[in-house]
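Each chain, written out:
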Amino acid sequence: MATYEDRYWTSSDGLRLHFRNYDGDSTRPPVICLPGLTRNARDFEDLAASLGGKWRVICPEMRGRGDSDYAKDPMTYTPLHYLQDVEALLAQEGIDRFVSIGTSLGGLLTMLLAISNPQRIAGAVLNDVGPEVSPAGLERIRGYVGQGRNFETWMHAARALQESSGDVYPDWDITQWLRYAKRIMVLGTGGRIAFDYDMKIAEPFEAPEGATPQVDMWPMFDALATRPLTVLRGQNSDILTAETAAKMATRPGVELVTLPRIGHAPTLDEPESVAAIESLLARV
């Protein structure tokens, strides 16, 4: 695993938020990796290792995830508050141009970052998300987010994930499920294995506006599509439909890569994902 430094920044409402900083070539724009709804900086360990010091990689953890503070007001667990938090991070680090790699919610944030100033986006990867989000996928997410299950051992956790998400990664063996569990869970109080996020993120998510911004996202995508852009899609995704992905790919300069036998979302360590990201960075 590539070495990193734990760093922090402060939100406008006083939360101490965490990010991993992987050093790299300072003459290149940094790569900022924005995770999905219930995810954290560990999602991008393999990607940071593959970039191998050639690029600076920043992996923020949104409020209520990982080592970031939990929000005092759970109704701040919304995309617009996450956007404000990311803007504060960019300001602290003096970053005015960057590559954004966003998974699911992180991809929505990437589009929101683009609409205000597309020139600061040196390039972007949208991982299994687009300007239209399938209602079926949102309902599935609402069915599990904030449930608060915990497990006696890592093997119990891995087996539970395999049972609930086996259709997303049908080709994984138990070693991969164990690794996945250790990315999205943590050893909690009482020695139990628990998901590494504040269960209260589900509260605003119950309302439609808590899931995705209630605006037409196509202009935001089109602002982003003026830059080098790669769209990754799991073949079996229930968030980014094949129809929406095909429409996105009609924009000039957009590269669409579909990963076979994967649902929502690719983990970015698949050979196809690695090659697509390397291709995007070469365009940058």
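Residues numbered from 1 in each chain as written. Predicted model: local features only at pLDDT ≥ 70, side-chain atom pairs only at ≥ 80, totals over all residues. Heavy atoms only, no water.

**Some thoughts on the state of the cysteines**
Part 1 of the argument: Across all of its chains, the model carries 0 disulfides by this definition.
Part 2 of the argument: Looking at the unpaired C33, the closest cysteine sulfur is the one in C59, lying at 4.3 Å. (Disulfide = S-S within 2.5 Å.)

**Regarding the sheet that holds strand β11 (residues 254–259)**
Part 1 of the argument: With respect to topology, 8 strands assemble into an open sheet ordered β1-β2-β4-β3-β5-β6-β10-β11, the strand pairing being mixed. Only two strands of the sheet have a single neighbouring strand rather than two, namely β1 (5–10) and β11. Taken over all neighbouring pairs, the strand axes of this sheet differ in orientation by 20° on average, direction set aside.
Part 2 of the argument: As judged from the 2 bridges shared by strand β3 (residues 31–34) and strand β4 (residues 57–60), these two strands associate in the parallel manner. Considered in β4, the bridge of I32 is made with I58.
Part 3 of the argument: Contacts from helix α10 (residues 242–249) reach β6 (121–127), β10 (229–234) and β11, with the element oriented near 150° to β11. (Pairing = 2+ DSSP bridges. Helix = DSSP H or I, 4+ residues; strand = E, 2+ residues; numbered from the N terminus. Axes fitted to C-alpha atoms, helices over the stretch in contact; angles between N-to-C directions. Contact = heavy atoms within 4.5 Å.)

**Some points on the sheet that holds strand β8 (residues 185–187)**
Part 1 of the argument: Taken in spatial order, the 3 strands make up an open sheet running β7-β9-β8, and their pairing is antiparallel. With partners counted over all chains shown, the strands left at the sheet margins are β7 (150–151) and β8, one partner each.
Part 2 of the argument: Judged from the 2 bridges that link them, β7 and strand β9 (residues 193–195) form a sheet pairing that is antiparallel. Note on β9: the bridge partner recorded for F151 is I193.
Part 3 of the argument: Against the sheet, helix α5 (residues 154–165) contacts β7, β8 and β9, and its axis sits at roughly 165° relative to β8.

**Focus: the side chain of S11**
Part 1 of the argument: Looking at the secondary structure, you find S11 in the loop between β1 and β2 (16–22).
Part 2 of the argument: Judged by its relative accessible area of 5%, S11 is buried. (Buried < 20%, exposed > 50% of the residue type's maximum accessible area, 1.4 Å probe, protein only.)

**Thoughts on the packing of aromatic side chains**
Part 1 of the argument: For the coordinates displayed, the defined rule picks out 11 aromatic pairs.
Part 2 of the argument: Both rings, one in W218 and one in F221, keep their centres 5.7 Å apart while their planes meet at 90°; by these two values the pair is edge-to-face. Of this pair, W218 and F221 both sit in helix α9 (residues 218–224), 3 residues apart, which is roughly one turn of the helix.
Part 3 of the argument: Given the relative accessible area of 9%, W218 is considered buried.
Part 4 of the argument: By relative accessible area, which is 0% here, F221 ends up buried.
Part 5 of the argument: Chaining the aromatic ring pairs together yields one cluster made of Y169, W172, W177 and Y180.
Part 6 of the argument: For R16, the ring lying beneath its charged end belongs to Y8, and the centroid distance is 3.6 Å.
Part 7 of the argument: Its end group placed over the ring of W218, K247 keeps NZ or CZ at 4.4 Å from the ring centre. (Phe/Tyr/Trp six-rings, centres within 6.5 Å; stacked < 30°, edge-to-face > 60°. Lys NZ or Arg CZ within 6 Å of the ring centre and 35° of its normal.)

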